[in-house]
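Read off the chains here:
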Amino acid sequence: MPVHVAHPTMAMPLPKVSVIIPCYNCADTLRQTVASIAAQNYSNLELLLVNDGSTDATAALLAELSATLPFARVLEHPHNRGPAAALNTGVAHAQGKYILPCDADDTLSENYIASCVAALEQHPECGFAYPEWQHDVGESTQRHRFPEWSTLVQELRIYCHL
């Protein structure tokens, strides 16, 4: 059953969210992903862009994005080590209370981060939040709900489904 939560008020300090994007040869999709993060209605963000040894125009795009977005930082891997290593590098440098891993071809609705933070702040017993998601293929849009998690996770009730 979805958890219904109110968004934090402006009087409350907003916890920082570290958005981490592993980047490998993603110049064709990354700009749209970063634009969706910059358009969030949640303001206390840091964006960690981990260049994982890209050989296309990704490095130049990362330099451009980090120069125009004050909340963005670029971290470098000299050689491709894979998305898990890039994500771990981002986590090691993250300063946020919450971590949001994103792929370089994801787009987020403008209230995505605010909704997740609100759920986690109102339910501190939860270890993570996850939303329904939408997959756009050409003219077709498919809405999905993640499957129920393992029995142990369900018994411990450490997640919030939005």
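Computed from a predicted model, the values in this text were never measured in an experiment.

Trainee: Help me understand the overall build of the protein in this model?
Mentor: Of regular secondary structure, the protein possesses five helices and eight strands. When the helices and strands of the protein are listed from N to C terminus, the series reads β-α-β-α-β-α-β-α-β-β-β-α-β. Across the 162 residues of the protein, 37% fall into the buried class. In the protein, 75% of the contacts between residues at least 6 apart in sequence involve partners at least 24 apart. Total accessible area computed for the protein in this model is approximately 9,400 Å², and 56% of it derives from carbon and sulfur atoms.

Trainee: Sorry, what's going on with the pairing of strand 3 (residues 72–77) here?
Mentor: Two faces, one strand: in a regular strand the side chains alternate between the faces of the sheet. In this structure, strand 2 (residues 45–52) lies alongside strand 3, joined through six bridges in parallel fashion. By the bridge assignment for strand 3, Leu 48 is matched with Arg 73. For the handedness criterion, the β-α-β arrangement of strand 2, helix 2 (residues 58–68) and strand 3 is classed as right-handed.

Trainee: Help me understand the side chain of Asp 52 in this model?
Mentor: Mapped onto the secondary structure, Asp 52 falls in strand 2. Nearest to the buried, unbridged Asp 52 among oppositely charged side chains is Arg 81, at 5.6 Å. A polar atom in the side chain of Asp 52 sits 3.0 Å from the side chain of Asn 80. Among all residues touching Asp 52, those that are not within four sequence positions of it are Cys 23, Tyr 24, His 77, His 79, Asn 80, Arg 81, Gly 82, Pro 83 and Ala 86.

Trainee: When you look at the pattern of salt bridges in this model, what are you seeing that I'm missing?
Mentor: A side chain of one charge can pair with a side chain of the opposite charge when the charged atoms of the two come close. Taken as a whole and assessed by the stated rule, the structure comprises three salt bridges. Arg 73 is the salt-bridge partner of Glu 46, the closest N and O atoms lying 3.1 Å from each other. In this pair, Glu 46 sits in strand 2 while Arg 73 sits in strand 3, placing the two residues 27 residues apart along the sequence. Salt-bridge contacts for Lys 97 lead to Glu 121; the nearest nitrogen and oxygen are separated by 2.7 Å. Placement of the pair is Lys 97 in the loop between helix 3 (83–93) and strand 4 (98–101) and Glu 121 in helix 4 (residues 112–122), with a sequence separation of 24 residues.

Trainee: Please clarify how a negative patch on the surface should be interpreted in this entry.
Mentor: A cluster of like negative charges, contributed by Asp 28, Asp 56, Asp 103 and Asp 105, occupies part of the molecular surface. Checked against the element boundaries, Asp 105 lands in the loop between strand 4 and helix 4.

Trainee: Can you walk me through the sheet that holds strand 1 (residues 17–23) in this structure?
Mentor: Two orientations exist for strands paired in a sheet by backbone hydrogen bonds: parallel and antiparallel. Read from one edge to the other, the open sheet built from four strands follows the order 3-2-1-4, with strand pairing classed as parallel. Two strands in the sheet have a free side with no partner beyond their single neighbour: strand 3 and strand 4. Ignoring which end each strand starts from, the neighbouring axes of this sheet average 25° apart. Examined bridge by bridge, strand 1 and strand 2 share seven bridges and lie parallel to one another. When the bridges of strand 2 are listed, Ser 18 appears paired with Glu 46. On top of the sheet, helix 1 (residues 30–38) reaches strand 1 and strand 2; it is set at about 175° to strand 1, its chief contact. Across the sheet, helix 2 touches strand 1, strand 2 and strand 3, and the angle it forms with strand 2 is around 160°.

Reading guide: rules and limits
Residues numbered from 1 in each chain as written. Predicted model: local features only at pLDDT ≥ 70, side-chain atom pairs only at ≥ 80, totals over all residues. Heavy atoms only, no water. Helix = DSSP H or I, 4+ residues; strand = E, 2+ residues; numbered from the N terminus. Buried < 20%, exposed > 50% of the residue type's maximum accessible area, 1.4 Å probe, protein only. Contact = heavy atoms within 4.5 Å. Areas by Shrake-Rupley, 256 points an atom, 1.4 Å probe, with all protein chains shown as cover. Pairing = 2+ DSSP bridges. Right-handed = clockwise from strand over helix to strand, strands pointing away. Lys, Arg positive; Asp, Glu negative; His and termini not counted. Salt bridge = Lys/Arg side-chain N within 4 Å of Asp/Glu carboxyl O. Polar contact = N/O pair within 3.5 Å; in protein donor to acceptor, adjacent residues only side chain to side chain. Patch = residues over 30% accessible without salt bridge, like charges linked within 9 Å, V, L, I, M, F, W, Y side chains within 5 Å. Charge placed at Lys NZ, Arg CZ, Asp CG, Glu CD. Axes fitted to C-alpha atoms, helices over the stretch in contact; angles between N-to-C directions.

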